[in-house]
Amino acid sequence: MVDVPALVAQAREGRPRAVARLISLVEGASPQLREVMATLAPLTGGAYVVGLTGSPGVGKSTSTSALVSAYRRAGKRVGVLAVDPSSPFSGGALLGDRVRMSEHASDPGVYIRSMATRGHLGGLAWAAPQAIRVLDAAGCEVILVETVGVGQSEVEIASQADTSVVLLAPGMGDGIQAAKAGILEIGDVYVVNKADRDGADATARELNHMLGLGEARAPGDWRPPIVKTVAARGEGVDEVVEALEKHRAWMEEHGVLAERRRSRAAREVETITITALRERIGDLRGDRRLDALAERITAGELDPYAASDELVASLTGTA
């Protein structure tokens with residue numbers, strides 16, 4: 001058994017091994033997960049969570065690394081969750097963004113963790129919300145969540161981040177793809193990376209046009225800016241940080257940040273509850289209650305919906 005309060009205290013002191021152990025407890029759905037979350041709860045709420053998404057090849061990892069450098073220059077502690085595709089054999093992350101962000105490896109003010117999606121649709125690992133809480137409680141002021149580039153299901157990042165950044169690159173047909181994938185609905189800040197390539201201005205214009213055709217915005221509503229960068233050289237990155245800070249200030253002023261965080265918490269509770277119910281239902285296979293209901297359905301005495309209602313009432317004790 002792990003001494004959770006001691007581990008959390010070490011994480012608060014900035015010890016990377018303690019943070020790593022806490023996230024491992026989360027990812028592994030440890031029996032002590034509830035104790036971990038209960039200990040972390042009063043210590044969270046201070047971090048600004050930025051999600052980065054986009055098609056493969058747009059330079060998400062390079063952009064993330066450049067943002068880390070910018071925030072470190074501003075003196076902020078930064079946490080990075082880099083969500084990678086799962087290995088079908090080990091279930092572990094394949095790409096390992098810690099390798100790609102090696103320049104920050106020796107910086108005690110930066111914590112980088114690769115997480116495997118483990119087949120979870122949406123580009124985010126199922127344990128990501130809890131891992132974000134760990135980094136928040138560990139004193140990270142900014143948490144960058146870089147998701148796997150899988151197209152349409154990337155919209156899930158919007159449900160986990162305070163601000164969503166959508167990255168595009170010229171010459172990849174990203175403008176059309178963004179419209180198809182619904183990415184135009186989730187972006188708070190748009191970044192056209194690799195802006196030294198031909199077609200960068202055209203990509204930005206196309207994106208601006210598409211945003212103009214999107215949902216009507218009232219005066220005072222946030223209009224997502226489009227920032228051009230060459231992340232590999234650090235060009236335009238300060239402008240991205242400025243756009244992020246402006247969005248954060250706008251959200252705080254209009255009560256949007258608090259509302260997003262409430263919605264995020266509600267979804268987290270819903271997910272945990274549904275998972276718990278699924279586990280209980282899974283345990284019912286071969287259970288006499290399920291067998292009895294199945295017999296009544298096949299005999300024509302009961303329909304599946306009524307049977308489901310009876311099962312839920314039995315499971316929740318409301319029968």
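Residues numbered from 1 in each chain as written. Predicted model: local features only at pLDDT ≥ 70, side-chain atom pairs only at ≥ 80, totals over all residues. Heavy atoms only, no water.

Going by the annotation in an unreviewed UniProt entry, the name recorded for the chain is Methylmalonyl Co-A mutase-associated GTPase MeaB, with Streptomyces gulbargensis given as the source organism.

1. Concerning the overall build of the chain
Operational definition: For helices the rule is a DSSP run of H or I covering at least 4 residues; for strands it is a run of E covering at least 2, with both sets numbered from the N terminus onward. Each residue's exposure class comes from its accessible area (1.4 Å probe, protein chains only) as a fraction of the maximum for that residue type: buried when under 20%, exposed when over 50%, partly exposed otherwise. The contact rule is simple, with two residues in contact once any of their heavy atoms fall within 4.5 Å.
Counting its secondary structure elements, the chain contains 12 helices and seven strands. In the chain, buried positions account for 46% of the 319 residues. For the chain, contacts bridging at least 24 residues in sequence account for 73% of all contacts bridging at least 6.

2. Description of helix α1 (residues 4-12)
What counts is decided by this rule: Throughout, the arc means that of the directions going from the helix axis to the C-beta atoms.
Those residues of α1 lying buried are Val-4, Leu-7, Val-8 and Ala-11. Buried residues of α1, seen end-on, are gathered within an arc of 100 degrees and therefore sit on one face of the element. Considering only its buried residues, α1 is in contact with α2 (16-27) and α3 (33-40). Count one or two residues on from α1 and you reach Gly-14, which has phi positive near 90 degrees.

3. Quick notes on helix α12 (residues 304-316)
Cut-off, in case you're wondering: A helix is expected to span 1.5 Å multiplied by its residue count minus one. For the purposes of these results, a polar contact is taken to be a pair of N or O atoms within 3.5 Å, where, inside protein, one atom must be able to donate a hydrogen and its partner to accept one; residues adjacent in sequence count only when each atom of the pair is a side-chain atom.
Taking 1.5 Å as the rise per residue, α12 with 13 residues should run 18 Å; its terminal C-alpha atoms sit 18 Å apart, in good agreement. Those residues of α12 that fall on the buried side of the exposure criterion are Ala-307, Leu-311, Ala-313 and Leu-315. Here the buried face of α12 lies against α10 (256-282) and α11 (288-298). Among the residues of α12, the N-terminal cap falls to Asp-303, whose side-chain oxygen and the backbone nitrogen of Tyr-305 are separated by 2.9 Å.

4. Some thoughts on empty space enclosed by the protein
The method is simple in principle: a probe with the dimensions of a water molecule rolls over the atoms, and the space it marks as empty is what remains. Note the following rule: Only protein atoms enter the calculation, which uses a 1 Å grid: trapped sets of points that fit a 1.4 Å probe without letting it out are cavities, open sets showing protein on both sides within 12 Å along at least five of seven lines are pockets, and any residue with an atom within 4 Å of a point is a lining residue. Grid points are joined across faces, edges and corners, and a volume is the space filled by probe spheres set on the points.
Counted by the stated rule, this structure contains two cavities of 30 Å³ or more. In this model, the largest cavity occupies a volume close to 70 Å³. Lining of the largest cavity is provided by Leu-52, Ser-63, Ala-66, Leu-67, Val-165, Leu-167, Val-191, Thr-229, Ala-231, Val-237 and Val-240. Counting only elements with at least two residues in the lining of the largest cavity, the list comes to α4 (60-73), β5 (163-168) and α9 (237-254). Looking at the lining of the largest cavity, the element that brings in the most residues is α4, giving three residues.

5. Observations concerning the nonpolar core
Selection rule: We call a set of buried residues a nonpolar core when its members are Ala, Val, Leu, Ile, Met, Phe, Trp, Tyr or Cys and they connect through side-chain atoms within 4.5 Å of each other.
Counting 31 residues, the largest nonpolar core has Val-19, Leu-22, Leu-135 and Ile-143 as the members making the most contacts within it. Every element with two or more residues in this core is listed here: α1, α2, α3, β3 (110-116), α6 (128-137) and β4 (142-146). In terms of residue count, the dominant contributor to this core is α2 (six residues). When sequence neighbours within four positions are dropped, the list of residues in contact with Ile-143 reads Ala-47, Tyr-48, Val-49, Val-50, Gly-79, Ile-132, Leu-135 and Asp-136.

6. Here's the deal with the pattern of salt bridges
We count it as follows: The term salt bridge refers to a side-chain nitrogen of Lys or Arg lying within 4 Å of a carboxyl oxygen of Asp or Glu.
Using the criterion set out here, one finds 15 salt bridges in the structure. A salt bridge links Asp-201 to Lys-228; its shortest N-O distance comes to 2.4 Å. A residue pair is termed long-range when its members are at least 10 positions apart, and Asp-201 in helix α8 (residues 200-213) and Lys-228 in strand β7 (residues 226-228) qualify at 27 residues. Its relative accessible area of 39% is what places Lys-228 among the partly exposed residues. Note that Glu-259 is salt-bridged to Arg-262, the shortest N-O span being 2.9 Å. Of this pair, Glu-259 and Arg-262 both sit in helix α10, three residues apart, roughly one helical turn. Overall, Glu-259 belongs to the partly exposed group, its relative accessible area being 40%. Look at Arg-262 and you get exposed, because its relative accessible area is 51%. One network of salt bridges, with partners in common, ties together Asp-162, Arg-261 and Arg-264.

7. Things to note about the packing of α2 against α6
Counted only if it meets this: Lines fitted to the C-alpha atoms define the axes, with helices restricted to the stretch that makes contact. Angles between their N-to-C directions range from 0 to 180 degrees. When an angle is under 35 degrees it counts as roughly parallel; over 145 it counts as roughly antiparallel; between 65 and 115 it counts as roughly perpendicular; any other value is oblique. With the far helix as reference, a near helix turned anticlockwise by less than a right angle produces a left-handed crossing, and one turned clockwise produces a right-handed crossing. Each residue gets one label: Ala, Val, Leu, Ile, Met, Phe, Trp, Tyr, Cys and Pro are nonpolar, Asp, Glu, Lys and Arg are charged, and the others, such as Gly, are polar.
Where α2 meets α6, the axes come as close as 9 Å, and the angle between the chain directions of the two elements is 160 degrees. Classed by the angle they form, the pair α2 and α6 counts as roughly antiparallel. Taken as a pair, α2 and α6 cross one another with a handedness that is right-handed. Facing Val-19, Leu-22, Ile-23 and Val-26 of α2, the residues of α6 in contact are Gln-130, Ala-131, Val-134 and Leu-135. Grouping the amino acids of the contact of α2 with α6 by side-chain chemistry returns seven nonpolar, one polar and no charged.

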